[in-house]
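Descriptive analysis of the structure
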Amino acid sequence: MPSSSPISSVNDFVVRFANVNGSGSASANELFARSVLRMGVPVAPRNIFPSNIQGLPTWYEVRISEAGHLGARGGTDLMVAMNPQTWDKDMAGIEPGGYLLYDSTKPMPKSKFREDITVIGVPLTAICNREYSDARQRQLFKNVMYIGALCALLDMDIEATAQLVREQFKSKEKLIDANLQALHLGRDWTLQNLQCPIGLRLRRGKAVGDRIFIEGNSAAALGALYGGATVCAWYPITPSSSLADAFTSHCRRLRVDAASKKSKFAIVQAEDELASIGMVIGAAWNGARAFTATSGPGISLMQEFLGLAYFAEIPAVIFDVQRAGPSTGMPTRTQQCDVISCAYASHGDTKHVLLFPEDPAEAFDFATDAFDLADRLQTPIFVMLDLDIGMNHRLCRPLTWDDSRKYDRGKVMTAANLDAGKDFGRYLDVDGDGIPYRTYPGTHPTKGSFFTRGTSRDRYARYTEEGAPYADNMQRLLRKFETAKDLVPHPLQANAAKPTKYGVIYYGSTSPAMDEAIHMIEARGHSLNRLRVRAFPFHSSVTSFVADHDFLFVVEQNRDAQLRSLIVNECSIDPVRLVPILHYDGTPITARFISRAIGDHLDALKVTPLRKVVS
């Protein structure tokens with residue numbers, strides 16, 4: 001018996017798989033996550049993988065939470081340790097009273113185990129060597145075999161897992177039988193030789209409801225399609241490549257004319273990121289809805305073209321799936337570290353619109369909105385995803401679309417307007433909102449044509465280097481940015497049950513961990529009002545929220561408190577009132593990290609200082 005009482009929990013624990021990249025474990029680990037989901041219990045899997053092809057450590061974590069917590073919690077209740085290279089690290093991450101499942105084919109010295117956990121050995125390699133002669137089969141089926149062992153240990157519904165195997169290999173019947181055999185080999189050995197189930201158990205639930213299980217990149221790509229995008233120009237870069245791949249797949253299903261079989265889309269893999277954004281801007285100037293998908297290094301290369309699109313006022317959509325930087329950084333680790341570089345991309349005085357979705361559902365919604373905003377504002381729009389959202393499957397509400405919705409193409413001068421004598425100045429602000437009218441190329445044979453200039457010009461697009469027209473144009477661009485504040489998604493506020501003078505601001509993929517952390521913070525006796533920022537420029541409610549509190553915590557996943565800096569700079573806030581809570585090791589931020597960091601601050605504020613006694 002372990003020195004700590006074994007953890008006992010039903011439908012609420014964390015399972016972590018430690019494997020070697022390239023061993024074929026990814027599909028088996030996802031099979032486990034989907035099996036739990038099929039049993040009606042919410043899961044939040046996260047794949048932590050290296051940037052090489054194979055040989056380095058990889059982890060796959062499955063958060064199981066009938067209460068619906070989808071953020072990373074922190075800590076591991078059951079470790080499936082299949083990588084000797086990371087054994088010590090994996091062992092250290094197990095909670096006291098937790099469980100270790102390992103391949104016991106080769107004896108391990110007692111010193112390699114902890115006394116406060118339950119050790120479960122299954123001779124996976126020995127069983128595989130007995131049953132299979134092919135080396136690759138032995139490796140692949142060993143993965144399926146430990147899923148079978150988990151089915152026994154956790155009292156899982158084996159039929160749910162078996163049905164998923166049948167669905168996965170429905171076109172290859174031989175693979176169905178072989179995988180089912182491996183699944184039952186692992187389960188049967190475990191049932192016959194070990195005490196089952198353990199303290200961690202799964203039982204059928206009804207907490208999933210009508211939610212869907214989808215990757216953020218795929219949802220964003222579908223949103224781009226529904227948002228009217230017909231052109232995608234991109235260059236492969238982790239972790240955004242799957243977004244362009246998903247868009248290609250969606251277009252082949254939904255953007256091919258049924259009668260002629262002709263494609264109604266253009267997807268170009270450019271020679272680099274600079275070329276890709278150039279193609280997007282060219283296509284958008286011609287009236288197409290166009291986008292690129294990239295990550296931090298790509299944003300760095302696109303700076304000059306982004307400045308052109310901002311100053312010449314050309315719509316464009318950029319999906320930035322953020323990863324750890326700078327330079328190459330950690331290509332397969334998540335961060336929120338491109339906020340400043342995107343907000344002020346390019347040299348000179350530039351300000352760009354950023355959208356911060358929290359999950360795949362909002363990635364879909366904000367993707368569709370981004371194309372309307374780009375056309376309405378005639379400017380680049382950044383959809384700020386990150387690896388945690390983009391490349392991991394997440395439970396979210398169903399994606400919705402109103403078939404009656406019409407695209408907002410913004411202020412477009414038509415041939416009829418021009419024939420009617422409308423005054424057309426490409427950079428003329430006629431409504432006071434900073435947004436001029438534009439024409440599509442070829443709108444009229446003689447009227448409405450203009451030069452798109454990346455140089456200084458007057459309101460009628462005539463080249464000039466005089467200071468007054470330049471300043472007039474820059475002020476108009478600033479008015480347009482002010483107009484954007486009411487067009488972008490507004491922040492969402494949630495107040496604590498009790499009145500409080502403290503608040504927290506957060507955004508994007510931090511949201512699910514924050515939702516759980518709030519309960520932990522409340523359990524420590526503290527109350528916090530919350531504000532989830534969903535876009536930049538900031539709506540006036542951000543300034544109001546700050547003004548209503550003595551001080552606030554700003555939670556984000558980068559080193560330099562980039563959102564906090566934006567709030568200080570753009571809202572003229574005293575930085576002392578904004579306490580940064582920063583997580584930037586490349587792993588998703590956890591509820592425990594947030595609750596501990598904020599809770600410690602609040603605990604200190606409750607301490608009454610000693611008062612000097614006057615005699």
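The structure we're discussing is the one just above.
Residues numbered from 1 in each chain as written. Predicted model: local features only at pLDDT ≥ 70, side-chain atom pairs only at ≥ 80, totals over all residues. Heavy atoms only, no water.

A word on the overall build of the protein chain
Along the backbone of the protein chain there are 20 helices and 22 strands. Its C-alpha atoms give the protein chain a radius of gyration of 27 Å, near enough to 25 Å, the size a compact globule of 615 residues would have. Principal-axis analysis of the C-alpha atoms places the extent of the protein chain at approximately 95 × 90 × 40 Å. Counting every position in the protein chain, which comprises 615 residues, the buried fraction comes to 56%. When the accessible area of the protein chain is evaluated, it comes to approximately 26200 Å², of which 51% is carbon and sulfur surface. Charge-centre separation for the protein chain: the mean point of 68 positive side chains lies 2 Å from the mean point of 67 negative side chains. (Helix = DSSP H or I, 4+ residues; strand = E, 2+ residues; numbered from the N terminus. Rg over C-alpha atoms; globule rule 2.2 N^0.38 Å. Buried < 20%, exposed > 50% of the residue type's maximum accessible area, 1.4 Å probe, protein only. Areas by Shrake-Rupley, 256 points an atom, 1.4 Å probe, with all protein chains shown as cover. Lys, Arg positive; Asp, Glu negative; His and termini not counted. Charge placed at Lys NZ, Arg CZ, Asp CG, Glu CD.)

So, helix H17 (residues 511-523)
Across its 13 residues, H17 extends 19 Å between first and last C-alpha, which sits within 8% of the 18 Å expected from 1.5 Å per residue. On its buried face, H17 is in contact with strand E4 (57-65), strand E16 (393-396), strand E18 (502-507), strand E19 (529-533), strand E21 (551-556) and helix H20 (591-606). Backbone geometry just downstream of H17 places Gly-525 in the positive-phi region, at approximately 90°. (Expected span 1.5 Å × (residues − 1). Contact = heavy atoms within 4.5 Å.)

Structural notes on the environment of Arg-453
Counting through the fold element by element, Arg-453 comes out in the loop between helix H15 (415-419) and helix H16 (467-484). In sequence terms Arg-453 and Asn-529 are 76 residues apart; their C-alpha atoms lie 46 Å from each other. Dropping the residues within four chain positions of it, Arg-453 is found in contact with Phe-311, Ala-312, Tyr-427, Ala-461, Arg-462 and Tyr-463. Separated by 2.8 Å, the side chain of Arg-453 and the backbone oxygen of Ala-461 make a polar contact. (Polar contact = N/O pair within 3.5 Å; in protein donor to acceptor, adjacent residues only side chain to side chain.)

Thoughts on the nonpolar core
Phe-291, Phe-319, Leu-355 and Ile-505 are the most contacted members of the largest nonpolar core, which totals 81 residues. A per-element tally of this core places helix H13 (residues 360-377) first, with eight residues. Among residues more than four places away in sequence, those in contact with Ile-505 are Leu-531, Val-533, Phe-545, Val-546, Leu-552, Phe-553, Val-554, Val-555, Leu-563 and Ile-567. (Core = buried A, V, L, I, M, F, W, Y, C linked by side-chain atoms within 4.5 Å.)

Thoughts on the sheet that holds strand E22 (residues 578-582)
Strand order in the open sheet formed by five strands is E17-E19-E18-E21-E22, and the pairing between neighbours is mixed. Taken across any chain shown, the strands that pair with only one partner, and hence form the sheet edges, are strand E17 (492-494) and E22. Direction aside, the axes of adjacent strands within the sheet are offset by 20° on average. Strand direction decides the pairing type here: E18 and E19, joined by five bridges, are parallel. Considered in E19, the bridge of Ile-505 is made with Leu-531. Helix-sheet contacts for H17 involve E18, E19 and E21, and the interaxial angle to E18 is about 155°. (Pairing = 2+ DSSP bridges. Axes fitted to C-alpha atoms, helices over the stretch in contact; angles between N-to-C directions.)

Brief notes about the sheet that holds strand E2 (residues 12-20)
The mixed open sheet is built from six strands, whose spatial order is E3-E4-E2-E5-E6-E7. Edge positions in the sheet fall to strand E3 (43-48) and strand E7 (118-122), since each has one partner strand and no second. Here the average twist between neighbouring strands, direction ignored, is 15°. Relative to strand E6 (residues 94-103), strand E5 (residues 76-81) runs parallel, the two being bridged by five bridges. Of the residues in E6, the one forming a bridge with Leu-78 is Tyr-99.

Quick notes on the pairing of E16
As a general feature of sheets, a regular strand has side chains that alternate between the two faces. Residues of E16 alternate between two faces, with His-393 and Leu-395 on one and Arg-394 and Cys-396 on the opposite face, all of them buried. Pairing between strand E9 (residues 212-215) and E16: four bridges, direction antiparallel. Within E16, the position partnered with Glu-215 by the bridge is His-393.

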